[in-house]
Amino acid sequence: MTPAPTPAGRPLEAAQAALAAEHAAAYGYGVIGARTAPERANEAREAHGAHLARRDALTRTVRELGGSPRPSEAAYTLPFAVRTPGDAERLAAEIEDRVAGAYSDLVRSAEGPLRREAADALSAAALRAARWRGVGVAFPGLAERSGRARTS
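Residues numbered from 1 in each chain as written. Predicted model: local features only at pLDDT ≥ 70, side-chain atom pairs only at ≥ 80, totals over all residues. Heavy atoms only, no water.

(A) Structural detail: the overall build of the protein. A tally of regular secondary structure across the protein gives five helices and zero strands. For the protein, the succession of helices and strands along the chain, N to C, is α-α-α-α-α. When the accessible surface of the protein is summed, it comes to about 8,600 Å², and 55% of that surface belongs to carbon and sulfur atoms. (Helix = DSSP H or I, 4+ residues; strand = E, 2+ residues; numbered from the N terminus. Areas by Shrake-Rupley, 256 points an atom, 1.4 Å probe, with all protein chains shown as cover.)

(B) How the structure looks around the environment of Asp120. Here Asp120 lies in helix 4 (residues 112–133). When the C-alpha atoms of Asp120 and Tyr103 are compared, they prove to be 8.9 Å apart, with 17 residues separating the residues in sequence. In this structure the side chain of Asp120 is engaged in a polar contact, spanning 2.8 Å, whose partner is the side chain of Arg116. (Polar contact = N/O pair within 3.5 Å; in protein donor to acceptor, adjacent residues only side chain to side chain.)

(C) Representation of the pattern of salt bridges. One pass over the full model with this rule turns up ten salt bridges. When the shortest N-O distance is used, the salt bridge between Arg131 and Glu43 registers 3.7 Å. Here Glu43 lies in helix 2 (residues 41–64) and Arg131 lies in helix 4, a separation of 88 residues in the sequence. We classify Arg131 as partly exposed; its relative accessible area is 48%. Judged by relative accessible area, Glu43 falls into the partly exposed class, the value being 21%. Ionic pairing is found between Arg133 and Asp97, a salt bridge with its closest N-O pair at 2.4 Å. (Salt bridge = Lys/Arg side-chain N within 4 Å of Asp/Glu carboxyl O. Buried < 20%, exposed > 50% of the residue type's maximum accessible area, 1.4 Å probe, protein only.)

Set out below in structure tokens:
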């Protein structure tokens, strides 16, 4: 059994998880960009750029917290096959939900400027998810957790 992280280690653990989510998002947006409808290509490019910027900022944050940033994986397993523009939009919304969940954990564990940055990132991911999905959720960052809890 793994011991519970110390209070000082929780922000680092949450920052590492958010960094992993950003790595996966950057990969996912590569697939989305290849499959999205032409009228949404700019939106996909902007989201990809936003995730790259957040990834780079989190890499610095992890170092500042005394950790060694997790590298990205060579590839990530997608939750479903992405063959159509509709599939790409569904994937984008799911990626943003997952990213929001990771930042939700960072908001809970961090303080000060890091907490504010995490809240901003959570908000940005929730807005992108709502745009891709066409509707928002009541508690961004928590919706997918409650869905997993119901199916577990």
